[in-house]
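As a plain string of letters, each chain reads:
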Amino acid sequence: MTRNAKINTLLLLAVAALAVLPLALGLGDHKEEPFAGADGEAQSAITEIEPDYEPWFSPLYEPPSGEIESGLFALQAAVGAGVLAYYFGVRRGRRQGAERAREQQPAPGPGPGPGEAVSPGPRA
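Residues numbered from 1 in each chain as written. Predicted model: local features only at pLDDT ≥ 70, side-chain atom pairs only at ≥ 80, totals over all residues. Heavy atoms only, no water.

1. What about the overall build of the protein?
Short version of the rule: Secondary structure elements follow DSSP: runs of H or I no shorter than four residues count as helices, runs of E no shorter than two count as strands, and numbering proceeds from the N terminus. Summary of the burial criterion: residues with accessible area below 20% of their type's maximum are buried, those above 50% are exposed, and those between are partly exposed, where the area comes from a 1.4 Å probe applied to protein chains only. Values of accessible area rely on a 1.4 Å probe in the Shrake-Rupley scheme; residue burial ignores everything except the protein chains shown.
Within the protein one finds three helices and zero strands. For the protein, the N- to C-terminal ordering of α and β elements is α-α-α. When each of the 124 residues of the protein is scored for burial, the buried share is 2%. For the protein, the accessible area works out to roughly 11900 Å², and carbon and sulfur atoms hold 62% of it.

Printed below as a string of structure tokens:
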């Protein structure tokens, strides 16, 4: 197994552990919504501290249902993943192109010595 394959396998196992361990260990069971987002947690903490708090801003768009909100969030995540994948693909392609260009260059041989003329070669 190559070094990159080992690293990829370890990263995949780490991501799977981060996704499965909280569910398997029952973390967050003491709450109504155990895995609610940080926005909901912050809102409940603020209303506990200051019940008369009024937000300074309101959302520009309020989705009509939770399913649409989840869909928009998934779309946002997919676009972000696509941008990252494109960036890493372009970066890898440039690196591979540079490696191929280096392989196709002729090996440097003994060049002309000082004072020696270089013939331009045959012309077509």
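The rest of the description comes next.
2. Section: helix α1 (residues 3-24)
Worth spelling out the cut-off: Here the expected span of a helix is defined as 1.5 Å times the quantity of residues minus one. Take the seven residues that end at a residue and the seven that start at it, fit an axis to each, and the angle between those axes is the bend at that residue.
Relative to the 32 Å expected for 22 residues at 1.5 Å per residue, α1 spans 31 Å between its end C-alpha atoms, a close match to the ideal helical length. Of all the bends found along α1, the most pronounced is centred on Leu18 and spans about 25°, while Pro22, a proline, follows it within four residues. Within α1, only zero of the 22 residues are buried, leaving the element largely exposed.

3. Structural notes on a nonpolar patch on the surface
Short version of the rule: Note on patches: the residues involved have over 30% relative accessible area and no salt bridge, like charges join within 9 Å, and the nonpolar side chains Val, Leu, Ile, Met, Phe, Trp and Tyr join within 5 Å. For salt bridges, the criterion is a side-chain nitrogen of Lys or Arg within 4 Å of an Asp or Glu carboxyl oxygen.
A surface patch of nonpolar side chains, amounting to about 760 Å² of accessible area, comprises Leu60, Tyr61, Ile68, Leu72, Leu75, Val79 and Val83. Looking at the element boundaries, Tyr61 is found in the loop between α2 (38-49) and α3 (66-104).

4. What about the packing of aromatic side chains?
Under the convention used in this document: Two rings from Phe, Tyr or Trp (for Trp, the six-membered ring) form a pair when their centres are within 6.5 Å of each other. A pair whose planes differ by under 30 degrees is stacked, one over 60 is edge-to-face, and the rest are tilted.
Considering all chains together, one arrives at one aromatic pair under this definition. With centroids separated by 5.2 Å and ring planes inclined at 65°, the aromatic side chains of Tyr87 and Phe88 adopt a geometry described as edge-to-face.

5. Details of the confidence of the model for the protein
Note the following rule: The predictor rates its confidence in each residue with pLDDT, a number between 0 and 100.
Summarising the model, the protein shows a mean pLDDT of 84, and 78% of its residues fall at 70 or more. Here α2 stands out as the least confident element of the protein, with mean pLDDT 84; α3 is the most confident, with 94.

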